[in-house]
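Examining the three-dimensional arrangement
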Amino acid sequence: MHTVQTHETKYDISPKRLKEGSIFGALSANAIQYLLDHGTIHEAKKGDEVFHYQDKGESFFAVLHGSLDFFKQHHHKELHTRDIEFGEALGFVSMIALHDRVGTAYAKEDSLLLEVSSTLFSDFHDQYPFDFGILLMNLARDMARNIRELSNALVSHEIENKLEENKP
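Summary of the structure given here. (Residues numbered from 1 in each chain as written. Predicted model: local features only at pLDDT ≥ 70, side-chain atom pairs only at ≥ 80, totals over all residues. Heavy atoms only, no water.)

Some remarks on the overall build of the protein chain
Convention followed: By definition, any uninterrupted DSSP run of H or I lasting at least four residues is a helix, any uninterrupted run of E lasting at least two residues is a strand, and each is numbered from the N terminus. Throughout, the radius of gyration refers to the C-alpha atoms, and the reference size of a globule is 2.2 Å times the residue count to the power 0.38. Note on definitions: a residue-residue contact is assigned when non-hydrogen atoms from the two residues lie within 4.5 Å. Shrake-Rupley sampling with a 1.4 Å probe provides the accessible areas, and residues are treated as covered by the protein chains on show and by no other component.
For the protein chain, the count of helices and strands is five helices and nine strands. Listed by position from the N terminus, the elements making up the protein chain come as β-α-α-β-β-β-β-β-β-α-β-β-α-α. Relative to the compact-globule value of 15 Å for 168 residues, the protein chain shows a C-alpha radius of gyration of 17 Å, a close match. Summarising its shape, the C-alpha atoms of the protein chain cover approximately 65 × 30 × 30 Å along the three principal directions. Taking the intrachain contacts of the protein chain between residues at least 6 apart in sequence as the baseline, contacts between residues at least 24 apart amount to 75%. Summed over its atoms, the accessible surface of the protein chain is roughly 9700 Å², and 53% of this surface lies on carbon and sulfur atoms.

Side note on the layout of surface pockets
Unoccupied space between atoms shows up once a probe the size of one water molecule is rolled over them. Our working definition: Here a cavity is any set of points on a 1 Å grid over the protein atoms alone where a 1.4 Å probe fits but cannot get out, and a pocket is any open set with protein on both sides within 12 Å along at least 5 of 7 lines; a residue lines the site when it has an atom within 4 Å of a point. Grid points are joined across faces, edges and corners, and a volume is the space filled by probe spheres set on the points. Only Asp, Glu, Lys and Arg are considered charged in this grouping, and only Ala, Val, Leu, Ile, Met, Phe, Trp, Tyr, Cys and Pro are considered nonpolar; every other residue, Gly among them, is considered polar.
Of the voids in this model, the largest pocket is the one considered here, and its volume is about 680 Å³. In this structure, the largest pocket is lined by 26 residues; those nearest its centre are Phe70, Lys72, Thr81, Arg82 and Leu150. Looking at the lining of the largest pocket, the elements that each hand over two or more residues are strand 5 (68-74), strand 6 (77-84), strand 7 (89-90), helix 3 (92-97) and helix 5 (129-165). Ranked by the residues each element gives to the lining of the largest pocket, the list is headed by helix 5, at nine residues. When grouped by side-chain class, the residues that make up the lining of the largest pocket number 14 nonpolar, eight polar and four charged.

Some words on the sheet that holds strand 2 (residues 40-44)
Filter applied, for reference: Note on pairing: DSSP must find at least two bridges between two strands before they are called paired.
Strand order across the open sheet formed by five strands is 1-2-9-4-7, with antiparallel pairing between neighbours. Single-partner strands in this sheet number two, and they are strand 1 (2-4) and strand 7. As paired elements, strand 1 and strand 2 share three bridges and run antiparallel to each other. Bridge pairing in strand 2 places Val4 opposite Ile41.

Focus: the packing of helix 4 (residues 118-127) against helix 5
The following threshold applies: For helices, the fitted axis covers only the stretch in contact; all axes are lines through C-alpha atoms, and the angles between them, taken along N-to-C directions, range from 0 to 180 degrees. Oblique is the label for every angle not falling under 35 degrees (roughly parallel), over 145 degrees (roughly antiparallel), or within 65 to 115 degrees (roughly perpendicular).
The geometry of helix 4 relative to helix 5 is characterised by a closest axis approach of 6 Å and an angle of 130 degrees between their N-to-C directions. Judged on the interaxial angle alone, helix 5 and helix 4 are oblique. Between helix 4, through Phe121, Phe124, His125, Asp126 and Gln127, and helix 5, the contact on the second element is made entirely by Pro129, Asp131, Phe132, Leu135, Leu136 and Leu139. Here the contact of helix 4 with helix 5 is built from residues that sort into seven nonpolar, two polar and two charged.

What to know about a nonpolar patch on the surface
Formally: Note on patches: the residues involved have over 30% relative accessible area and no salt bridge, like charges join within 9 Å, and the nonpolar side chains Val, Leu, Ile, Met, Phe, Trp and Tyr join within 5 Å. One side-chain nitrogen of Lys or Arg within 4 Å of one carboxyl oxygen of Asp or Glu is enough to make a salt bridge. We call a residue buried when its accessible area falls under 20% of the maximum for its residue type, exposed when it is over 50%, and partly exposed in between, using a 1.4 Å probe and counting protein chains only.
The grouping of Val155, Ile159 and Leu163 at the surface amounts to a nonpolar patch, some 290 Å² of accessible area in total. The residue Leu163 is located in helix 5 in this model. Residue Leu163 is classed as exposed on the basis of its relative accessible area of 55%.

Observations regarding unusual backbone geometry
Despite not being glycine, Ala26 shows a phi value in the positive range, around 75 degrees. Within the fold, Ala26 resides in the loop between helix 1 (15-18) and helix 2 (29-38). Judged by relative accessible area, which is 58%, Ala26 ranks as exposed. With a phi angle near 75 degrees, Gln54 is a residue other than glycine that sits in the positive phi range. In this fold, Gln54 is placed in the loop between strand 3 (49-51) and strand 4 (59-65). Classification of Gln54 by relative accessible area gives exposed; the value is 51%.

In structure tokens:
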């Protein structure tokens with residue numbers, strides 16, 4: 001994974017295009033451009049590690065192009081728990097909760113990522129307070145969707161286990 005400038009990428013990362021993604025939806029073009037101008041843009045090749053289990057959670061990543069895989073670590077075991085697609089974010093929970101990363105993320109394919117540090121997140125609040133509220137709502141909505149998907153998977157797993165236990 002390496003850092004690039006906005007003009008160096010071959011992908012369309014115009015505010016108009018990014019507004020199609022869930023975390024950028026309803027943000028003003030100026031606010032999106034501010035994040036692009038002040039964030040760190042990374043190109044990741046398929047298989048590149050984006051962050052590692054127990055890294056400091058001082059930022060989150062928005063997928064500008066491509067997709068990521070996230071593997072949750074628990075009791076020295078690792079399990080794939082989610083795919084992160086265009087316009088979605090990863091790492092926000094660690095950043096906002098002030099804890100280390102709870103898993104490892106990899107580029108599922110060649111991808112372009114915007115890293116938003118906690119400092120940029122704070123500065124964005126100061127510079128674009130209305131858009132900050134929208135961004136926070138979009139990130140919370142994204143978290144809620146992930147919680148729902150993971151809780152559905154947990155329930156399905158429990159139901160399958162109970163069915164297996166009751167087989168003759």
